[in-house]
Amino acid sequence: MSAAKVKMRQKKLRNQPASVQCLSSSVHDEASTHPNGGGGDGPSGKDALSLRKKRSHQETGWVRGHQKSGEVYGDKMPQFITAGVFARARAAEVSAMLKAVTKTTGSCHVFGALPRHMRRRAMSHNTKRLPCRLREMANRMREKCLQGSVKKKEQAKNKSRKARRRHGNMLLEFNRRQRKNVWLETHIWHAKRFHMVKKWGYCLGDRPTLKCYRPSYRAMSTHCLLQDLSYYCCIELQGEEDKLLDCLSQLTSKEAGPTFAQRLCLSGQRQGSLVLYRAGQFPSQPLGSATFLWRPRTPGSVHRHLWTWVHPTLKQDVLAEFQSVCQCQAVVPPPVPLVIDAKVVSTTDWEPKPERKHTPGTKRKQSDKDAGGPLAKKILGDGTRSPDTPVTWKSSSTGILINDLTMEIVRYRLIGPQSHSVLTEALEAATDCDESIKSQPSCLWWPNHCKEESKMKLHQQQTDLFHTLKGVYSTAELPPGIVLGLTVDDPRLSIPPKRVKALSCVKEAQEVSDEKRKELSLRGVPEHCCESFLWEQSVRNNVTENKISEQDLNRMRSEVLVPGSRLNPVPLQGRVPILLVHQPGKQVGHEMNSWGAGWDLLLPKGWGMAFWIPLVYRDVRIGGLKMSLTHSQNKGVPHFPHDYPDCPAGAHFQGEQESELLEKFKRRPPAKRTNYIKHGCLAPFCCPWQQLAEEWDVIGSEGGIQAQSASLDDMATRVERTSHHQVPVTKQQTHFTVLRTRKSLRLLSSWCGPTSSQGQRSYRVREMPSLDHTAKKSFLASHGMSLVWVRLSVLLKGKPDLHAMVSVPTADDLKLLSRGGPGSSAPQEPPHRDHLKSTLKRGKKGTKKVASDTPSTSGQMTTTSNDPQLSCPASDVVLGVWPNPLPSVTSHCSRVTLGWVTQADFSLSAGCGEALGFVSVTGLVHTLISQPLEHRGTVLLRNPMSLQYRFAKINIEV
């Protein structure tokens, strides 16, 4: 018998005791002849046991039933039995039989009592077909099954697919899924084509599922790239111009660039971007980057509107600062929302439709009044506030009003030289209404707008400027920062039957006069043409509430005589006010000027997909969060919050990034992880900026005049001595800052020697003070604890990675670069010793010995006297990663560390590896003054997973 069968048999008979057992006669005879059993000679030991087993199997064979090993049941009846044992065995058998009969499992059913030829399928739902003796039991089982099914239906959440795909149920499900992370209006379109990520209270598209890096770059360089930036939060300020500028001047500084007032005074610069600070705290407490847009001045009025777009992580801080400086503490209660019928009024016929009469005997669709469950899709609300949070604040002293317009305005960004061509192809200026419609009262905004001649004259001027854009060859030809207000027809009416690539047409360019095109390129858009009804909240609500549904639009298309032709006349609800805001391209450096220029399209809420699909049909490339990062890298502009480590939002982002990278590192098998300790990388997942600034500040103050004449080799020795022995690095109260003063940045850029991206030739700049010891001392006196944002271009081969180390080359390293050898001539970092691994092994051995005596010290680690001090709980230790607190970050490697890289990739525009990061201002000035003129600004780059250094050139573009 196999082992499985024996195991199964033992399991079945485990509760049944042995009834009667006795030896057979053959076995008894053999036992009597055994030397120990009664005399006689014979085999003994193992031979006797094997012989006994052999004879027993030959004589009796395998006996079924419960028996002990080595014993079999005899052929004769036993002479006596034990009553108690026998009764217990029989009782166990009877209970087992009763249990098997009364047990009702899934396989046991009433039909099991019937022979096979009497079983019928109809008996399962009609118990009267069963014999009388089984009906009662079948009814009981049926009731039990019905009760169980009711419970299951109450617990079940998923309905049938047909029910789930109903429009009302889908909207309810979508609203339920937006409780934690709100969707944009283009979410469903992105979810089918993009990798979605949950960030900042939204569900956003990160990157397409297709390969997109090179096609997206080609689109930004030659055609158009489209992005949805509606997750940016819009804050509106209303009040008198002088009071607004006085309040907002506390949040900006002239040293960091143009302020709100300076932007407003510049011709055509009614929009731009700047860095906000806490009131009167420049440059120590920056909030982050913001984009603003001024409404044109109304003749004879001092009242102004200002829209400010901020990142979702920055919204609460900026809103609190606005309320503080504007003294807006009184909360204005929101207006009572009007209940609007879900059905949209018909397009051409404005009379109420007669009610349909219900014919008896026919099915009637459930009306809106009878419908108790499915609600309309909610449009209000965002991921940065709850529904009960106030959105309006007013000041009693200054009269300034603050409105939170988050998710109230849809914002699309078109990047590329053909962005204007895509807009002119997809959009058409709104047509005028008929005289018969003007004479009748209407609840829509456009017929009332057409009654005033001044407004229609302004609309005609805006239409002419919009048509002039067709003659412009590239978006970069237009002045930066121009704004054009316009009212367009519903773009769904002019969707082409298939995708067409929108390009600038030569024929249309000839029709447009050269004088208008030159005037637009030189002077921009006049101020009165920047006006748009999108600024009015009543118009925005009217347009959103009266939008034509897709069902009504398709019904109107089916009634057109010529299939596929445009609807004529255009429905009155199909007029939408928009704003076109020009975004300038690259404006820093000496290469790729105006690269990445484009337009921002501002729309009222609810019209996102109505404009998205027509733009997609113009063969634009769609980008996500990753392409926004690439766009800012190529433009040479810091990206928020990646390149703002001194802001609260930037510090929070770096903390999240560190935890994500660490969790990804832990998911790999221990044998497949990179040992960053052996590579000499202290911070592979984060950048300790505060420690870097403090160490360089101590080094600069300790060196004094001796540091002026010391070489870089002596500097490395002094850094190590300063960090470990003489001057211990302690945390100071001063927090590091990022250098954003324009004058200081220009001076530092001239000292670095601005060159091209590959460092092949230098450019002439205006005269700046030369770098000497006096200039260095005065410069570091005001910027000692500062970091500077730099661009690093790899001179030879190599592609930098995230958190790569920026180091100072020695004199021997610069000699290798002067020889012009291959990329392998760059220096290498000698392998480091992993002290942590050996310490853990010694700690485990010591823990076993002294676990009973000193349990409190089992979780601490200490190294030998030659190793850096390590002390942290053993549970927090990750093999291959330095635990906190870190040793000296500047002198840990053979080359002195200047900073780290925050963004890195191979640049298709420069044709080499490029990186963006921060370096210490003190360390950079010390490095520049000690380098020869021909190699000034040359540094070393080393990836965290490599020991190979790469030569790179520092560029500070202002």
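Here the residue index of a chain counts from 1 through its sequence in written order. In view of the model being predicted, local features appear only for residues whose pLDDT reaches at least 70, and side-chain atom pairs are presented and counted only at 80 or more, with totals across whole chains, interfaces and linings using the full set of residues. To obtain the side-chain values, all non-hydrogen atoms of the structure were used and water was disregarded.

K.L.:
Summarise helix α10 (residues 213-222); cite the residues concerned and give the values.
P.N.:
Here the term buried applies to any residue with accessible area under 20% of the maximum for its type, exposed to any over 50%, and partly exposed to those in between, with areas from a 1.4 Å probe on protein chains only. Secondary structure elements follow DSSP: runs of H or I no shorter than four residues count as helices, runs of E no shorter than two count as strands, and numbering proceeds from the N terminus. Of the positions making up α10, those classed as buried are Pro215, Ser216, Tyr217, Ala219 and Met220. Every residue pair with non-hydrogen atoms within 4.5 Å of one another is taken to be in contact. Elements in contact with the buried residues of α10: β4 (225-228), β12 (409-415), β16 (621-622) and α23 (625-635).

K.L.:
If you had to explain the packing of aromatic side chains to someone new, which residues and values would you point to?
P.N.:
Centres within 6.5 Å are what make two rings of Phe, Tyr or Trp a pair, Trp counting through its six-membered ring; a difference in plane orientation under 30 degrees is then read as stacked, over 60 as edge-to-face, and the rest as tilted. Applying the stated criterion to the full structure yields 20 aromatic pairs. Relative to tryptophan 535, the ring of tryptophan 307 has its centre 4.0 Å away and its plane inclined at 25 degrees; by these criteria the two rings are stacked. With tryptophan 307 in strand β8 (residues 303-310) and tryptophan 535 in the loop between α19 (514-523) and α20 (537-545), this residue pair connects regions lying 228 residues apart in the sequence. When sorted by exposure, tryptophan 307 lands in the same class as tryptophan 535, which is buried.

K.L.:
Give me the lowdown on α23, citing residues and values where you can.
P.N.:
The buried fraction of α23 amounts to 10 of the 11 residues, a majority that puts the element mostly inside the structure. Regarding α23, the residues found buried are Leu625, Met627, Ser628, Leu629, Thr630, His631, Ser632, Gln633, Asn634 and Lys635. Once α23 finishes, glycine 636 follows within two positions and takes phi at roughly 75 degrees, a positive value.

K.L.:
Please provide a residue-by-residue account of the pairing of strand β2 (residues 194-199), values included.
P.N.:
The side chains of a regular strand alternate, residue by residue, between the two faces of the sheet. Pairs of strands are assigned from DSSP output, requiring at least two bridges between the strands. When β2 meets strand β3 (residues 202-208), the two strands line up antiparallel, connected through 6 bridges. Opposite lysine 198, over in β3, you have cysteine 203 as the bridge partner. Connecting β2 to the antiparallel partner β3 that follows it, the hairpin turn spans 2 residues, and tryptophan 200 within it adopts a positive phi of roughly 60 degrees.

K.L.:
Which residues make up a nonpolar patch on the surface, and what values go with them?
P.N.:
Patch membership requires more than 30% relative accessible area and the absence of a salt bridge. Residues of like charge join within 9 Å; the nonpolar side chains Val, Leu, Ile, Met, Phe, Trp and Tyr join within 5 Å. Accessible surface is estimated by sampling points in the Shrake-Rupley manner with a 1.4 Å probe; for residues, cover comes only from the protein chains shown. Definition used for salt bridges: Asp or Glu carboxyl oxygen within 4 Å of a side-chain nitrogen of Lys or Arg. Together, Val94, Met97 and Leu98 make up an exposed nonpolar region whose accessible area comes to about 300 Å². Summarising the element assignment, leucine 98 is placed in helix α5 (residues 83-102). By relative accessible area, which is 53% here, leucine 98 ends up exposed.

K.L.:
How would you summarise the pattern of salt bridges if you had to cite specific residues and measurements?
P.N.:
For the coordinates displayed, the defined rule picks out 27 salt bridges. Note that glutamate 241 is salt-bridged to arginine 297, the shortest N-O span being 3.3 Å. With glutamate 241 in helix α11 (residues 241-248) and arginine 297 in the loop between β7 (286-294) and β8, this pair connects stretches of sequence that are 56 residues apart. Here glutamate 241 falls in the buried class, since its relative accessible area comes to 16%. Salt bridges sharing common partners tie together Glu241, Arg297, Arg304 and Glu527.

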